[in-house]
Amino acid sequence: DAGVTQSPTHLIKTRGQQVTLRCSPKSGHDTVSWYQQALGQGPQFIFQYYEEEERQRGNFPDRFSGHQFPNYSSELNVNALLLGDSALYLCASSASGVHGYTFGSGTRLTVV
Amino acid sequence: EDQVTQSPEALRLQEGESSSLNCSYTVSGLRGLFWYRQDPGKGPEFLFTLYSAGEEKEKERLKATLTKKESFLHITAPKPEDSATYLCAVQAEGNKLVFGAGTILRVKS
């Protein structure tokens, strides 16, 4: 049974560009959350999607946006990239009403 | 504001030397406290969920405990393969997890 799948694994972008990261949740999970983890820090909550709607959002600017598709997969979009956006972006999936999150291996984004 | 503080930031142990990691939290309406293990360049791997003060859970050499203010992750007779970053997180109102910065554990043989 596949866990959470994220793509790509690594990405290098230039300041000002836009990026899209993708996530396929674990089978049976319908809720997807995105986290940003800077080097040496714990993950920071970006937002969560359920039933194709953003259900909760962390303290991130509007440059960060997302989408959830009918098959529960999700995308994270970041516009106007800044050097400070360089981080490991983690996707976590869960089943609604059930505690516990399964994380993917992440996408390492480097902004130069 | 929900907050999680982990200590120490880093811990070096000899193989077989038992110790504990601390997670202090401030949260309104705790719905769960989570422990994760994270290897370099990888996503967090779930270890335990604790829900109420007094609860304890064990898995191999690891044991997690919970009080009203903090949680401990006890590591008994660690091995080099236990080396990783251990993350603590709380789930409060809503569904987001609030993480601490983690404790980097190195176990030398």
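Residues numbered from 1 in each chain as written. Chains lettered and ligands numbered in written order. Predicted model: local features only at pLDDT ≥ 70, side-chain atom pairs only at ≥ 80, totals over all residues. Heavy atoms only, no water.

Draft legend 1. Quick peek at the overall build of chain A. Each helix and strand in chain A was counted, giving zero helices and eleven strands. What you see in chain A, going N to C, is helices and strands ordered as β-β-β-β-β-β-β-β-β-β-β. Relative to a compact globule of 112 residues, whose C-alpha radius of gyration would be 13 Å, chain A shows 13 Å and is just as compact. Principal-axis analysis of the C-alpha atoms places the extent of chain A at approximately 40 × 25 × 25 Å. The burial tally for chain A puts 47% of its 112 residues in the buried class. Summarising the internal contacts of chain A: among those between residues at least 6 apart in sequence, 53% fall at separations of at least 24. Carbon and sulfur atoms form 47% of the exposed surface of chain A, whose accessible area is close to 5300 Å². Side chains of chain A give 8 positive and 9 negative charges; the mean places of these two sets differ by 12 Å. (Helix = DSSP H or I, 4+ residues; strand = E, 2+ residues; numbered from the N terminus. Rg over C-alpha atoms; globule rule 2.2 N^0.38 Å. Buried < 20%, exposed > 50% of the residue type's maximum accessible area, 1.4 Å probe, protein only. Contact = heavy atoms within 4.5 Å. Areas by Shrake-Rupley, 256 points an atom, 1.4 Å probe, with all protein chains shown as cover. Lys, Arg positive; Asp, Glu negative; His and termini not counted. Charge placed at Lys NZ, Arg CZ, Asp CG, Glu CD.)

Draft legend 2. Molecular detail of the sheet that holds strand E6 (residues 56-59) of chain B. All names here are of chain B. The strand order E1-E3-E8-E7-E6 describes an open sheet built from five strands, whose pairing is antiparallel. Strand pairing shows two members of the sheet lacking a second neighbour, strand E1 (3-7) and E6, which therefore form its edges. Across the sheet, the mean angle from the axis of one strand to that of its neighbour is 15°, orientation sign disregarded. Direction of pairing for strand E3 (residues 19-26) relative to strand E8 (residues 70-75): antiparallel, over a ladder of six bridges. In the sheet register, Leu21 faces E8, and the bridge partner there is Leu73. (Pairing = 2+ DSSP bridges. Axes fitted to C-alpha atoms, helices over the stretch in contact; angles between N-to-C directions.)

Draft legend 3. Representation of the side chain of A:Asn77 in the model. By secondary structure assignment, the location of A:Asn77 is in strand E8 (residues 74-78). Excluding anything up to four places from it in sequence, A:Asn77 contacts A:Gln18, A:Val19, A:Thr20, A:Arg63, A:Phe64, A:Ser65 and A:Gly66.

Draft legend 4. Structural view of the state of the cysteines. Residue and element names in this part refer to chain B. A full pass over the atoms with the stated rule returns two disulfides over all chains. Between the sulfur atoms of Cys23 and its disulfide mate Cys88 the distance is 1.9 Å. One disulfide, between Cys23 and Cys88, carries an S-S torsion of -60° and so falls in the left-handed class. Highlighted residues: Cys23 in strand E3 and Cys88 in strand E9 (residues 84-91), separated in sequence by 65 residues. A single burial state applies to Cys23 and to Cys88, both of which are buried. (Disulfide = S-S within 2.5 Å.)

Draft legend 5. Just the packing of aromatic side chains, in detail. Here the structure, examined in full by the defined rule, presents eleven aromatic pairs over all chains. Relative to A:Phe45, the ring of A:Tyr35 has its centre 5.6 Å away and its plane inclined at 70°; by these criteria the two rings are edge-to-face. Residue A:Tyr35 is located in strand E4 (residues 31-37), and its partner A:Phe45 is located in strand E5 (residues 44-50); the two are separated by ten residues in the primary sequence. Ring centres of A:Phe103 and B:Tyr36 lie 5.3 Å apart, and the angle between their planes is 85°; on these two criteria the pair is classed as edge-to-face. Placement of A:Phe103 in strand E10 (residues 102-103) and of B:Tyr36 in strand E4 (residues 32-38) is noted, with the two residues assigned to different chains. Judged by relative accessible area, A:Phe103 falls into the buried class, the value being 9%. Here a set of aromatic residues connected by ring pairs shows up, and it is made of A:Tyr35, A:Phe45, A:Tyr101, A:Phe103, B:Phe34, B:Tyr36, B:Phe46 and B:Phe99. (Phe/Tyr/Trp six-rings, centres within 6.5 Å; stacked < 30°, edge-to-face > 60°.)

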